[in-house]
Amino acid sequence: MWQIRNRCGVKDSQYATLTDIITKEWSGFTTREYKEFKGLKKENLRDHMTNLETAINTLAEAFTTELSKKNNPTGFAENRIVAKAGGKVAKQTRDNMEAQLGRSIVSRNNAKGLQNPEEQKGIE
């Protein structure tokens, strides 16, 4: 997701923090809070996101990566700014989608185990 690790000045332990920043920006939750919201313990959060949650999360990460390539941040402080900016764009997209749908995309619902796409309609 980030620039080549050995060139951006971020320690391995800081990547989780940057991911939390992105997630918090678009969803309002850190990854830990998001897992708690969905009632997860050790399960993978992505495996328990609905299609729209996954789409917004992917957008946030992909856009952050592109911003990182463009801005070439060095160190944690600069990467933190890029992470917030990437999450903010995804939040704007989420807000637009929710305005049109009339409901929140962030949901306690779980995409894992759904039998077919028809079952996911309206569960967000």
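Since the model is a prediction, treat every value here as computed from it, not as a measurement.

Trainee: For the overall build of the chain, give the residues involved together with the corresponding values.
Mentor: Helix and strand counts for the chain stand at five helices and zero strands. The helix and strand sequence of the chain, counted from the amino end, reads α-α-α-α-α. Out of the 124 residues in the chain, the part that is buried amounts to 37%. Long-range contacts, defined here as pairs at least 24 residues apart, represent 56% of the contacts in the chain between residues at least 6 apart. Of the roughly 7400 Å² that the chain leaves accessible, carbon and sulfur atoms contribute 50%.

Trainee: Outline the environment of Glu43, supporting the account with residue identities and numerical values.
Mentor: When you line up the elements, Glu43 lands in the loop between helix H2 (31-37) and helix H3 (51-71). Dropping the residues within four chain positions of it, Glu43 is found in contact with Lys35 and His48. Polar contacts involving the side chain of Glu43 include one to the main-chain amide nitrogen of Lys41, which spans 2.6 Å.

Trainee: Any chance you could break down the side chain of Thr65 for me, citing the residues and the numbers?
Mentor: Tracing the sequence through the fold places Thr65 in helix H3. With a relative accessible area of 14%, Thr65 lands in the buried category. A polar side-chain atom of Thr65 sits 3.0 Å from the main-chain carbonyl oxygen of Glu61.

Trainee: An account of helix H4 (residues 75-101) is requested, with residue identities and associated values reported.
Mentor: The end-to-end C-alpha separation of H4 is 39 Å, in line with the 39 Å expected for 27 residues at 1.5 Å each. By the burial criterion, the buried members of H4 are Gly75, Asn79, Val82, Ala83, Gly86, Gly87, Ala90, Arg94 and Glu98. Residues of H4 that are buried make contact with helix H1 (15-27) and H3. Just beyond H4, the residue with positive phi is Gly102, at close to 75°.

Rules of the game
- Along every chain, residues carry numbers that run from 1 in the direction the sequence is written.
- Confidence filtering applies because this is a predicted model: local features only for residues at pLDDT of at least 70, side-chain atom pairs given and counted only at 80 or more, and all residues used for totals across whole chains, interfaces and linings.
- Derived side-chain values reflect all non-hydrogen atoms in the structure, with water molecules and hydrogen atoms excluded from consideration.
- Going along the chain from the N terminus, every DSSP run of H or I of four or more residues is numbered as a helix, and every run of E of two or more is numbered as a strand.
- Relative accessibility decides the category of a residue: with a 1.4 Å probe and only protein chains considered, values under 20% of the type maximum give buried, values over 50% give exposed, and everything between is partly exposed.
- Contact between two residues is taken to exist if any of their heavy atoms lie within 4.5 Å; hydrogens are not considered.
- Here the accessible surface of atoms and residues is derived via Shrake-Rupley with a 1.4 Å probe, and residues count as covered only by protein chains that are part of the display.
- Polar contacts, as used here, are pairs of N or O atoms within 3.5 Å; protein pairs need one atom able to donate a hydrogen and one able to accept it. Residues neighboring in sequence count only if both atoms are side-chain atoms.
- The span expected for a helix works out to 1.5 Å for each residue beyond the first.

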